[in-house]
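Chains, contacts and geometry: an overview
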Amino acid sequence: EPEVTQTPSHQVTQMGQEVILRCVPISNHLYFYWYRQILGQKVEFLVSFYNNEISEKSEIFDDQFSVERPDGSNFTLKIRSTKLEDSAMYFCASSARSGGTEAFFGQGTRLTVV
Amino acid sequence: AQTVTQSQPEMSVQEAETVTLSCTYDTSESDYYLFWYKQPPSRQMILVIRQEAYKQQNATENRFSVNFQKAAKSFSLKISDSQLGDAAMYFCAYRSLGAQKLVFGQGTRLTINP
């Protein structure tokens with residue numbers, strides 16, 4: 001069964017460093033998403049990406065964040081100059097279409113900023 | 001903005017019994033989608049069930065069913081014949097008809113007692 005794959009599963013970085021979280025969405029999907037879950041809190045939407053551009057973003061997704069689809073398979077989230085409060089679980093998701101179709105989630109990357 | 005509320009941080013049920021998880025939401029829209037996602041210890045978010053707001057019939061997937069009360073803005077999940085593998089965090093989520101992002105509730109941690 002096709003699945004969304006995220007790497008690494010856990011990343012530790014020093015405050016102020018840049019990190020890139022990587023995702024391989026399901027191959028025939030067109031919409032890609034990043035969500036964040038701070039420990040003990042709800043899952044929060046960060047950004048959606050379609051047709052090689054951001055289609056929607058939340059207020060959390062400020063200039064510190066960027067997304068890219070560098071090739072036909074990868075979808076990345078870059079966090080510049082990480083802060084302690086960026087420590088969270090980051091989930092990538094993809095869907096075949098927008099709207100009510102199912103979004104398939106990856107297993108997440110736990111980011112720890114020290 | 002839409003909000004989703006899950007008022008039960010934790011629930012427990014005896015194996016083989018039935019449990020109902022509550023979810024309420026706030027929206028001014030008439031058409032939207034509602035979802036229940038399961039997050040087991042592996043952390044991957046898995047879709048359990050989906051409901052389109054324009055459908056009056058409650059969605060059912062095997063042992064999982066919903067009670068969708070549109071006027072009351074309530075969307076509860078019933079799990080029948082609970083199994084040990086049902087133990088997980090359960091998130092209720094909302095998606096607007098024209099949007100891509102999911103708005104999640106705080107989650108309910110379900111424990112199955114053998």
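The notes below deal with the structure included here. (Residues numbered from 1 in each chain as written. Chains lettered and ligands numbered in written order. Predicted model: local features only at pLDDT ≥ 70, side-chain atom pairs only at ≥ 80, totals over all residues. Heavy atoms only, no water.)

A few points about the overall build of chain A
Stated formally: By definition, any uninterrupted DSSP run of H or I lasting at least four residues is a helix, any uninterrupted run of E lasting at least two residues is a strand, and each is numbered from the N terminus. Note that the radius of gyration is over C-alpha atoms, with the globule rule given as 2.2 Å times the number of residues to the power 0.38. Burial classes follow relative accessibility: with a 1.4 Å probe on protein chains only, a residue under 20% of its type's maximum area counts as buried, one over 50% as exposed, and anything between as partly exposed. The contact rule is simple, with two residues in contact once any of their heavy atoms fall within 4.5 Å. The protein chains shown are the only cover counted for residues, whose accessible areas, like all others here, come from Shrake-Rupley with a 1.4 Å probe. For the purpose of charge, His is not counted, nor are the chain termini; Lys and Arg are scored as positive and Asp and Glu as negative. Taken as the charge centre is NZ of Lys, CZ of Arg, CG of Asp or CD of Glu, depending on the residue.
From N to C terminus, chain A includes zero helices and eleven strands. Helices and strands appear in chain A in the N-to-C order β-β-β-β-β-β-β-β-β-β-β. In summary, chain A has a C-alpha radius of gyration of 13 Å against a globular reference of 13 Å for 114 residues, a match within 12%. Principal-axis analysis of the C-alpha atoms places the extent of chain A at approximately 35 × 30 × 30 Å. For chain A, with 114 residues in total, the buried portion stands at 46%. The contacts in chain A between residues at least 6 apart in sequence include a share of 53% that link residues at least 24 apart. A total of about 5,500 Å² of accessible surface is found on chain A, and carbon and sulfur atoms cover 46% of it. Distance between charge centres in chain A, computed from 10 positive and 14 negative side chains, equals 2 Å.

Quick word on the interface of chain B and chain A
One widely used convention gives an interface's size as the accessible area the parts lose upon coming together. Defined as follows: Buried area is calculated as the accessible area (1.4 Å probe) missing from two parts once they are joined, with the contributions of both summed. For this analysis, a salt bridge means a side-chain nitrogen from Lys or Arg found within 4 Å of a carboxyl oxygen belonging to Asp or Glu. The term polar contact refers here to a pair of N or O atoms within 3.5 Å; inside protein, the definition further demands a hydrogen-donor-capable atom paired with an acceptor-capable atom, and it admits residues adjacent in sequence only when both atoms are side-chain atoms. Only Asp, Glu, Lys and Arg are considered charged, only Ala, Val, Leu, Ile, Met, Phe, Trp, Tyr, Cys and Pro nonpolar, and every remaining residue, Gly among them, polar.
Counting residues at the interface gives 21 residues for chain B, matched by 23 residues for chain A. Together chain B and chain A conceal approximately 1,900 Å² of surface at their shared face, both sides included; 50% is due to carbon and sulfur atoms. Inspection of the chain B/chain A interface yields zero salt bridges. Summed over the shared surface of chain B and chain A, the result is eight residue pairs in polar contact (both at pLDDT 80 or more). Mapped by element, the contributors of at least two residues to the side of chain B that touches chain A are strand 5 (32–39), strand 6 (46–52) and strand 10 (88–96) of chain B. Top contributing element to the side of chain B that touches chain A by residue count: strand 5 of chain B, with four residues. Across the side of chain B that touches chain A, the residue classes tally to eleven nonpolar, six polar and four charged.

Looking at the nonpolar core
Residues and elements named next belong to chain B. Going by this rule: Nonpolar cores are built from buried Ala, Val, Leu, Ile, Met, Phe, Trp, Tyr and Cys residues. Side-chain atoms within 4.5 Å join them into one set.
If you look at the biggest cluster of nonpolar residues, it comprises 26 residues, and the most contacted ones within it are Y25, W36, F75, L77 and Y90. Going through the elements one at a time, strand 3 (19–21), strand 5, strand 6, strand 8 (64–69), strand 9 (74–79), strand 10 and strand 12 (108–113) are the ones with two or more residues in this core. Filtering out sequence-adjacent residues up to four positions away, F75 remains in contact with C23, Y25, L34, F35, W36, Q51, V66, N67, F68 and C92.

Some points on unusual backbone geometry
As a rule of thumb, non-glycine residues mostly have phi less than zero, and peptide bonds are mostly trans rather than cis. For the peptide bond that leads from T7(A) to P8(A), omega is -10 degrees, which places it in the cis range. Checked against the element boundaries, P8(A) lands in the loop between strand 1 (5–7) and strand 2 (10–13). The phi torsion at N51(A) lies on the positive side, around 55 degrees, for a residue other than glycine. Given the relative accessible area of 58%, N51(A) is considered exposed. At A16(B), a residue that is not glycine, the phi angle is positive and equals roughly 80 degrees. Relative to the helices and strands, A16(B) is located in the loop between strand 2 (10–14) and strand 3.

Notes on the state of the cysteines
Disulfides are covalent bonds that connect the sulfur atoms of two cysteines. This is how it is decided: Only a pair of cysteine sulfur atoms within 2.5 Å qualifies as a disulfide here.
Per the counting criterion, the structure on display carries two disulfides over all chains. Here C23(A) connects covalently by a disulfide to C92(A), the sulfurs 2.0 Å from one another. When the S-S torsion is -65 degrees, as for the bridge of C23(A) with C92(A), the disulfide is left-handed. Here C92(A) lies in strand 9 (residues 88–95) and C23(A) lies in strand 3 (residues 19–24), a separation of 69 residues in the sequence. For C92(A), a relative accessible area of 0% gives the class buried. Here C23(B) pairs with C92(B) through a disulfide, and the sulfurs are 2.0 Å apart. Between C23(B) and C92(B), the S-S torsion sits near -70 degrees, and that sign places the bridge as left-handed.

Brief notes about the side chain of S96(B)
Residues and elements named next belong to chain B. Mapped onto the fold, S96 is located in strand 10. At 2.9 Å, the side chain of S96 forms a polar contact with the side chain of E29. Ignoring any residue separated from it by four or fewer positions in sequence, one finds S96 in contact with Q2, E29, Y32 and Y33.

A few points about the packing of aromatic side chains
Rules: Any pair of Phe, Tyr and Trp rings, taking the six-membered ring for Trp, is counted once the centres come within 6.5 Å. Such a pair is stacked with planes under 30 degrees apart, edge-to-face with planes over 60 apart, and tilted for the rest.
The tally for this structure, following the rule as stated, stands at 20 aromatic pairs over all chains. Judged by centre distance (5.3 Å) and plane angle (65 degrees), the ring pair of Y25(B) and Y32(B) falls under edge-to-face. For Y25(B), a relative accessible area of 5% puts it in the buried group. On the basis of relative accessible area, Y32(B) is assigned to the buried category, the value being 3%. An aromatic cluster of at least three residues, connected via ring pairs, comprises Y33(A), Y35(A), F45(A), F91(A), F105(A), F35(B), Y37(B), F91(B) and F104(B).

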